[in-house]
Amino acid sequence: MKAITVEHQPEQARLTELGVYAWPIWEKGQSEFPWHYDETETAYILDGEVVVTSADGQEVVHLKAGDLVTFAAGLSCRWEIKQDLRKHYQFG
C-alpha cells in the first residue's frame, strides 16, 4: 500500500466535496527537512513545487500547483521544497 497518493489536477467538484478551500493554508520557502506524519494529512498544492521522498526511498513524488496529495499516518519522509510552497491542508 502506498504511503503517498497523488491526484493530479482533480476536478473542482472533488475539491468542493472535500471542503478544501475552507482548510488552513501553510506556507514555506525553499528548504529541505525531514518530516513524520503522526496522522493522515491531505493537502492541496496552491503554489510552488516540492519533492517528497519516503525515508526508505521507495516512494518519490513531485508535487506542484493543482495536486491533491494524501500522506498516510506513520510515514517518515524528506521534503525538498524547490519553489516557495503554499498549500491547503487537513489532518485526520
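Details of the structure are given in the entry above.
Cut-offs and rules
Residues numbered from 1 in each chain as written. Predicted model: local features only at pLDDT ≥ 70, side-chain atom pairs only at ≥ 80, totals over all residues. Heavy atoms only, no water. Helix = DSSP H or I, 4+ residues; strand = E, 2+ residues; numbered from the N terminus. Rg over C-alpha atoms; globule rule 2.2 N^0.38 Å. Contact = heavy atoms within 4.5 Å. Lys, Arg positive; Asp, Glu negative; His and termini not counted. Charge placed at Lys NZ, Arg CZ, Asp CG, Glu CD. Buried < 20%, exposed > 50% of the residue type's maximum accessible area, 1.4 Å probe, protein only. Polar contact = N/O pair within 3.5 Å; in protein donor to acceptor, adjacent residues only side chain to side chain. Salt bridge = Lys/Arg side-chain N within 4 Å of Asp/Glu carboxyl O.

Trainee: Would you explain the overall build of the protein in this entry?
Mentor: When helices and strands are counted, the protein shows one helix and seven strands. Reading the protein from its N end, one meets helices and strands in the order β-α-β-β-β-β-β-β. Over its C-alpha atoms the protein spans a radius of gyration of 12 Å, differing by no more than 12% from the 12 Å that the globule rule assigns to 92 residues. In terms of its C-alpha atoms, the protein occupies a principal-axis envelope of roughly 35 × 30 × 20 Å. Counting only contacts in the protein whose residues sit at least 6 apart along the sequence, the fraction spanning at least 24 positions is 78%. Seen as two clouds, the 8 positive and the 15 negative side-chain charges of the protein have centres 3 Å apart.

Trainee: Can you walk me through the environment of Lys64 in this structure?
Mentor: Relative to the helices and strands, Lys64 resides in strand S5 (residues 60-64). For Lys64, a relative accessible area of 52% puts it in the exposed group. The sequence separation of Lys64 and Ala43 amounts to 21 residues, and the corresponding C-alpha distance is 11 Å. Non-local contacts of Lys64, meaning those with residues more than four positions away in its chain, are made with Ile45, Gly48 and Glu49.

Trainee: Help me understand unusual backbone geometry in this model?
Mentor: Trans is the prevailing form of peptide bonds, just as negative phi is the prevailing case for residues other than glycine. Unusually for a residue other than glycine, Gln9 sits at a positive phi of about 50 degrees. Residue placement: Gln9 occurs in the loop between strand S1 (4-8) and helix H1 (12-18).

Trainee: Help me understand the side chain of Lys87 in this model?
Mentor: Tracing the chain through its elements places Lys87 in strand S7 (residues 76-91). A distance of 2.7 Å separates the side chain of Lys87 from the side chain of Glu41, its partner in a polar contact. The residues contacting Lys87, other than those within four sequence positions of it, are Pro24, Ile25, Trp26, Glu41, Ala43, Tyr44, Ile45, Leu46 and Trp79.

Trainee: So what exactly am I meant to see when it comes to the side chain of Glu59 here?
Mentor: Inspection of the secondary structure puts Glu59 in the loop between strand S4 (41-54) and S5. For the buried Glu59, no salt bridge is present, and the opposite-charge side chain at shortest range is Lys2, 4.4 Å distant. A distance of 2.9 Å separates a polar atom in the side chain of Glu59 from the backbone nitrogen of Ala3. Dropping the residues within four chain positions of it, Glu59 is found in contact with Lys2, Ala3, Ile4, Val52, Thr53 and Ser54.

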